[in-house]
Amino acid sequence: IIIKIGTSTLTYASGCINIRRIENLCKVISDLKNAGNEVIMVSSGAIAMGHGKLNIKEPPQNVAEKQAFAAVGQCELMYAYDKIFSAYNITVAQILLTADDLRNSERHEKFDNTMAQLLKWNVLPVINENDTVSTTEIKIGDNDTLAAIVAESVGADLLVLMSDIDGLFDSDPHQNPNAKFIERIDEWSDELM
Ligand code: GLU
């Protein structure tokens, strides 16, 4: 099972961590693992948490600031996961990827091997994009895309995208009150978007 958790799920608009929500999520994920499921997390939140931790009021002014926020926030993110999951006797592992890592067959193979080993040891991998070195040209995009790539790569049975949007819409429901919900897709067609 791949579970992708978005920034809006993990943090408040201030960038501070939503403690109750993250603790509940970690509890449920621990239970899923205890029930015998292999779970992989794809977690966003590094940029927002770095922003919150540094207590800077203004939004990032440029890419270097964003990437520096991610460097601070990624530590904070993993610290939170490590602390909470430890209480349930679950060991976490951090994996940071760029699009280049997945395009390069040798590096992709190393990723697959490491994932297989971690799952064999019953470790919970927590994956994010390596934001501090990603550039526009090599950006995977958003973590929904990263989670889908990971799901395919490890042959997952289920991919769950947790976000503040209740499914797939033909436009952003936060911006467009008439956005249409698409309940099911059996085959992709360009007319959908
Ligand atoms: N990697 C980004 C972060 O951790 C989030 C990207 C996304 O949510 O799509 O802040």
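Residue numbering note: each chain is counted from 1, following its sequence as written. Note on the predicted model: pLDDT of at least 70 is required for a residue's local features to be given, and 80 or more for side-chain atom pairs to be given and counted; whole-chain, interface and lining totals, by contrast, use all residues. Only hydrogens and water are set aside; all other atoms, that is, all heavy atoms of the structure, feed into the side-chain values.

Asks: Quick one: what's the story with the nonpolar core, residue by residue and with numbers?
Replies: Grouped together as the largest cluster of nonpolar side chains are 20 residues, with contacts concentrated most on Ile-5, Ile-22, Ile-29, Met-41, Tyr-81, Phe-85 and Leu-124. Labels follow the DSSP assignment, with helices taken as runs of H or I lasting at least four residues and strands as runs of E lasting at least two, numbered in each case from the N terminus. Listed by contribution, the elements that provide at least two residues to this core are strand E1 (2–5), helix H2 (19–34), helix H4 (63–87) and strand E4 (124–129). Counting residues per element, this core draws most heavily on H4, at six residues. Here, nonpolar core means buried Ala, Val, Leu, Ile, Met, Phe, Trp, Tyr and Cys residues that are tied together by side-chain atoms lying within 4.5 Å of each other. Only protein chains enter the calculation, and the probe is 1.4 Å; a residue is then buried if its accessible area is under 20% of its type maximum, exposed if over 50%, and partly exposed in between. Formed by 19 residues, the second largest nonpolar core is a distinct cluster that contains Leu-118, Leu-119, Ala-147 and Ala-151.

Asks: Quick rundown of the side chain of Ser-44? Include the residues and the values.
Replies: As for its placement among the helices and strands, Ser-44 is situated in the loop between strand E2 (40–43) and helix H3 (46–54). By relative accessible area, Ser-44 is classed as buried at 11%. In the analysis that follows, any N or O atom pair within 3.5 Å is treated as a polar contact, provided that within protein one partner can donate a hydrogen and the other can accept it, and provided that, for residues neighboring in sequence, both atoms belong to side chains. Here Asn-143 takes part through its side chain, which lies 2.8 Å from a polar atom of the side chain of Ser-44. Beyond its immediate sequence surroundings of up to four residues, Ser-44 is in contact with Lys-4, Ile-5, Gly-6, Thr-7, Leu-10, Leu-77, Asn-128 and Asn-143. Contacts: residue pairs with any heavy atoms within 4.5 Å of one another.

Asks: I'd like to hear about the site of the ligand, residue by residue, with values.
Replies: When at least one non-hydrogen atom of a residue lies within 4 Å of a molecule or strand, that residue is treated as near it. Taken together, the neighbourhood of the ligand is formed by Ser-44, Gly-45, Ala-46, Ile-47, Asn-128, Asp-131, Asp-142 and Asn-143. Contact between the ligand and Gly-45: an oxygen atom at 3.2 Å from a main-chain N or O atom of the residue. Starting from 300 Å² of accessible surface for the ligand in isolation, the protein chains cover 84%. Gly falls in the polar group here, along with every residue not listed as nonpolar (Ala, Val, Leu, Ile, Met, Phe, Trp, Tyr, Cys, Pro) or charged (Asp, Glu, Lys, Arg). Each residue belonging to the shell around the ligand can be placed in one class, and the counts come to two nonpolar, four polar and two charged. The protein chains shown are the only cover counted for residues, whose accessible areas, like all others here, come from Shrake-Rupley with a 1.4 Å probe.

Asks: Tell me about H3, residues and numbers included.
Replies: Buried residues of H3: Ala-46, Ala-48, Met-49, Gly-50, His-51 and Gly-52, and no others. Its buried side turned inward, H3 meets helix H1 (7–10), H4 and E4. Positive backbone phi, approximately 60°, marks Asn-55, located one or two places after H3.

Asks: Report on a nonpolar patch on the surface, specifying residues and quantitative values.
Replies: Like charges within 9 Å and nonpolar side chains (Val, Leu, Ile, Met, Phe, Trp, Tyr) within 5 Å are joined into patches, using only residues over 30% in relative accessible area that form no salt bridge. Only one rule defines a salt bridge in this text: a Lys or Arg side-chain nitrogen within 4 Å of an Asp or Glu carboxyl oxygen. Residues Leu-168, Ile-185 and Trp-188 make up a contiguous nonpolar surface patch of about 280 Å² in total accessible area. With respect to the helices and strands, the residue Ile-185 is situated in the segment after strand E7 (181–182). Judged by its relative accessible area of 34%, Ile-185 falls in the partly exposed class.

Asks: Explain H4 to me, using residue names and the numbers behind them.
Replies: Given the number of residues in a helix, its expected span is that number minus one, multiplied by 1.5 Å. Taking 1.5 Å per residue as the helical rise, H4 with its 25 residues ought to reach 36 Å, and the 36 Å between its terminal C-alpha atoms agrees with that figure. Where H4 bends most, the angle comes to about 25°, and this point is Gly-73. For H4, every residue scored as buried is listed here: Gln-67, Phe-69, Ala-70, Gly-73, Gln-74, Leu-77, Met-78, Ala-80, Tyr-81, Ile-84 and Phe-85. If you check the start of H4, you find a side-chain oxygen 3.2 Å away from the backbone N of Ala-64, and it comes from Asn-62. Of the residues one or two after H4, Asn-89 is the one with positive phi, at around 65°. Throughout, bend refers to the angle between the axes fitted to the seven residues that end at a position and the seven residues that start at it.

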